[in-house]
Amino acid sequence: MPSATTILQFIVLGLLVGGVYALMGAGLSLLYGVSRILNFAHGTIFALGAYAYYYMATTILSPWLALFLVVPLGFAIGSLIYWPLLTPVTRGSLQRPNDYMIVITIALAVAIEKGIILTQGAETLRPPSLIEGSLNFAGLDIAMDRIVGFIGAAVLVGLLALVVRFTSIGRVWRAMAQNPLGAEVVGIDRQRSAWLAFAVASALATAAGAFLAPLLLIYPAVGTSAIVKGFAIIVIGGLGSVWGACLGGLTLGLVEALGTGLFYPGLRDVYMVALMLLVLLFVPNGLFGERVRNV
Amino acid sequence: MTGRKSLRRVQILGFAAMLTVGYAVPCAFAKDVLRVGALLPLSAPGDVETGKKLLRTIELFAEEWNKNASFRYEVKIVATDTQDKPQQAATAAERLITQDGVHAIVGAHASSATLAALPVVRRYGVPLVNASSWADEVTSLGVPSVFRVGPWNSRVADELARWITEAKITSIGILAEDTDYGLGFISAFKDAAGTQSYKGSIVTQSFEANATDVTPQLIRLRDANPRPQVVFVSSVLPARALAIVQAREVGLTPQTEIVAGWNFPEQKNFWDLVKVAGRGIKYANFSCPKVEPTTVGAEFNKLWESRTAFGPDQRVYMWWDSMLAIAHAAEQAKSVKPEALVAALAAIDVPGTVSRVKFESGRGVRFHQRTEIPVCVLKLENVGDTADKAVQVWP
């Protein structure tokens, strides 16, 4: 049986990585809540964030500056993707918008991954750390990058929550989540609100990529597992709920760390699937299911 | 009129003669083609870095071989991407045989990919020469047309077990990917340790092939009682670098030594990936500083260094030898028919880069297995050290 210190270390590691998972899930969830778009390219946008951080941090900028620039870059990437490709979904001009949305976002994910391979190569890369070394306290060894990633994710999710709660765009998003038709009737621009949600979700994904990049080596397919985790998080937390995504991310990180640490370590994905099944069985709408219409 | 007809007849005959000569002369000098299919990881999630290097190796072999006018066959390479995935490898092997009409196959790289291709080559009887898949099953399954020039898990495990026994190491950890290669190594090492009467502890941890974090496994190794003195990392996936980096993060190293997967520390991006965490890394190798290179090996080294920007590594040697085996087999058989090539490969005995290339006909893992392969343990003392600075730790 592992010692109390070891179990504590698994818990801390799980929560820290869960915080960054939450950042991934919050973007996906916001987007679905506001525009009903399930973005299958969210993982590759995460990968773009990791690559952008790597190239900026190893060429002309310091890692910290690169980290700060990744967020507006993600916003710009999201805008560039949304306007030409996803407006037909929110414009209501398609007979089968959901089919289009699934096909176009999957195609986009494949195209981005192949684009990374063609332009950057398929080699594994290691981005520089934000803060080198580990923090050692109470017998625990925690990489400083994990702590920075968690704090950064918490700040961004907190900012998102403030925006949703206290700003005019937040009110628009909540209105769109509660009653899209009613929101349009009172003059809310559906396209604009969906674009902002997509761009913000993309910014959060690129930020998550940048936070995790120094911890996980990067390669073109690094977004594949990220998107799987992203969807698992919104299933666990409840579709369309930012707070649900936060709880889902933290829960997933914790379950994965404790499962691999205390039980069989080679079943990380199985623990994730088991958690999803349990949630679907006992709380079918997710942990924050009741608030699914409230963002 | 008659004269004009005669002239026309002469013109036609002359034209026909020109055509005949034009066709026959090149045919008299044209070589028959030996088409060799290659199963390689050329895109993610496969080990692309290695895949590109191996493709360069066999292309270089074809260039050099085809320069020699005395050979009957011209070697042509048909490369295909497996992504190191089993299903992809099986499909690629089928396509190479049925659509590209290859006479022999080299590869695959990952054990799981090679094992998936075996039923295909068994069905068509096409020879497959493997160079870099370690799973014992590649040869122990006894597929008549399958040969291996490279090492195998239980052989490497035997040598490593001898090393730890002689070095009086009493606690071992193994961190392995959950593939035929990784799990096969755990099993082979436990067997080998038993054979060597190793009395110490062996703690094993595995991780999923797509793992992006192995800290839980490393923490369990760190907190094992007794703590491992040495941890073998058995992986060809991106996680092999992650394991070294995260071992330092969780405080497993430097107190515990890491023995990395075979040629990984010799790859050009090794230090970029692991940085200071790689200091003092050990690894098993088949290019041993204390073993004199063969004549073929020395010539190959010169050629490789003159044509590429980086030094050769073990996989490159083995893939070169797999091409040597196939090309010489075709020359000796004077045929590229599968059955003739298989018979010639079974009897082949030619000099290779690290030893002679010849295959045993024994049972089990030694069936169609090249066995004369030197094994040693090397160490890179300092950050940035390249293979030529490696210190031979054992034997």
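Everything here concerns the structure above.
Structure report, in brief. (Residues numbered from 1 in each chain as written. Chains lettered and ligands numbered in written order. Predicted model: local features only at pLDDT ≥ 70, side-chain atom pairs only at ≥ 80, totals over all residues. Heavy atoms only, no water.)

**Some thoughts on the overall build of chain A**
Under the convention used in this document: Helical segments are the DSSP runs of H or I of at least four residues, strand segments are the runs of E of at least two, and each set is numbered from the N terminus. Note on method: radius of gyration uses C-alpha positions; expected globular size equals 2.2 Å times residues raised to 0.38. Relative accessible area decides the class of each residue, using a 1.4 Å probe on protein chains only: under 20% of the type maximum gives buried, over 50% gives exposed, and in between gives partly exposed. Any two residues whose heavy atoms approach within 4.5 Å are treated as being in contact. Every accessible area reported is derived by Shrake-Rupley at a probe size of 1.4 Å, with residue values counting cover from the shown protein chains alone. Asp and Glu are treated as the negative residues and Lys and Arg as the positive ones, with His and the ends of the chain left uncounted. To locate a charge, take atom NZ for lysine, CZ for arginine, CG for aspartate or CD for glutamate.
Counting its regular elements, chain A contains 11 helices and 2 strands. The order of α-helices and β-strands along chain A, N terminus first, is α-α-α-α-β-β-α-α-α-α-α-α-α. In terms of overall size, chain A behaves like a compact globule, its C-alpha atoms giving a radius of gyration of 19 Å where 295 residues would be expected to give roughly 19 Å. Once the C-alpha set of chain A is aligned to its principal axes, its extents read approximately 60 × 50 × 35 Å. Across the 295 residues of chain A, 57% fall into the buried class. Summarising the internal contacts of chain A: among those between residues at least 6 apart in sequence, 78% fall at separations of at least 24. In the form shown here, chain A has an accessible surface area of approximately 12,000 Å², with 71% of it arising from carbon and sulfur atoms. Between the averaged position of the 15 positive side-chain charges in chain A and that of its 11 negative side-chain charges there is a distance of 11 Å.

**Regarding the interface of chain A and chain B**
Spelled out, the test is: When two parts are put together, the accessible area they lose, computed with a 1.4 Å probe and summed over both, is reported as buried area. In what follows, salt bridge is the name for a side-chain nitrogen of Lys or Arg lying within 4 Å of a carboxyl oxygen of Asp or Glu.
Facing the 31 residues of chain A at the interface are 32 residues of chain B. In total, chain A and chain B occlude about 2,800 Å² of area from one another, counting both sides; carbon and sulfur atoms represent 50% of this. Remark: the boundary between chain A and chain B carries 3 salt bridges. When the shortest N-O distance is used, the salt bridge between Arg222(B) and Asp141(A) registers 3.0 Å.

**So, unusual backbone geometry**
The step from Gly107(B) to Ala108(B) runs through a cis peptide bond, and the omega angle for that step is -5°. A cis geometry characterises the amide bond from Trp394(B) onward to Pro395(B), with omega recorded as -10°. For Pro395(B), the location among the structural elements is in the segment after β14 (391–394). With a phi angle near 60°, Arg36(A) is a residue other than glycine that sits in the positive phi range. With respect to the helices and strands, Arg36(A) occurs in the loop between α1 (4–35) and α2 (42–58). A positive phi is found at Lys275(B), a non-glycine position, where the angle reads about 50°. Among the secondary structure elements, Lys275(B) is positioned in the loop between α10 (270–274) and β10 (281–285).

**What about the packing of aromatic side chains?**
All names here are of chain B. Filter applied, for reference: Centre distance within 6.5 Å is the pairing criterion for rings of Phe, Tyr and Trp, where only the six-membered ring of Trp is used; planes under 30 degrees apart are then read as stacked, over 60 as edge-to-face, and the remainder as tilted.
The full count for this structure, using the stated rule, is 20 aromatic pairs over all chains. With centroids separated by 4.9 Å and ring planes inclined at 80°, the aromatic side chains of Phe-270 and Trp-271 adopt a geometry described as edge-to-face. As far as the burial class goes, Phe-270 and Trp-271 line up, both buried. Ring centres of Phe-300 and Tyr-317 lie 5.7 Å apart, and the angle between their planes is 65°; on these two criteria the pair is classed as edge-to-face. Pair noted here: Phe-300 is in helix α11 (residues 295–307) and Tyr-317 is in helix α12 (residues 314–333), with a separation of 17 residues, a long-range link.

**Thoughts on the nonpolar core**
For clarity, the cut-off: For the purposes of this section, nonpolar cores are sets of buried Ala, Val, Leu, Ile, Met, Phe, Trp, Tyr and Cys residues that join through side-chain atoms within 4.5 Å.
Grouped together as the largest cluster of nonpolar side chains are 83 residues, with contacts concentrated most on Leu23(A), Leu30(A), Tyr53(A), Leu86(A), Leu160(A), Trp173(A) and Leu252(A). Per-element accounting of this core gives the leading share, 15 residues, to helix α8 (residues 190–212) of chain A. Ignoring anything within four residues of it in the chain, the contact list for Leu160(A) reads Ala26(A), Leu30(A), Trp173(A), Val200(A), Leu204(A) and Val242(A). Leu34(B), Phe300(B), Val354(B) and Trp394(B) belong to the second largest nonpolar core, which has 76 residues in total.

**Description of the sheet that holds strand β6 (residues 171–177) of chain B**
Residues and elements named next belong to chain B. Here is the rule: Any two strands with at least two DSSP bridges between them are considered paired. Lines fitted to C-alpha atoms define the axes, with helix axes restricted to the stretch in contact, and inter-axis angles between N-to-C directions lie between 0 and 180 degrees.
In spatial order, the strands read β7-β6-β8-β9-β10-β13-β14; together these 7 strands make up an open sheet with mixed pairing. At either margin of the open sheet sits one strand with a lone partner, and together these are β7 (201–207) and β14. Averaged over all pairs of adjacent strands, the angle between strand axes in this sheet comes to 30°, irrespective of strand direction. With 5 bridges joining them, β6 and strand β8 (residues 230–234) adopt parallel strand pairing. When the sheet's bridge partners are listed, Ile-172 is paired in β8 with Val-230. On top of the sheet, helix α7 (residues 180–195) reaches β6, β7 and β8; it is set at about 155° to β6, its chief contact.

Honestly, it's all geometry; don't read function into it.
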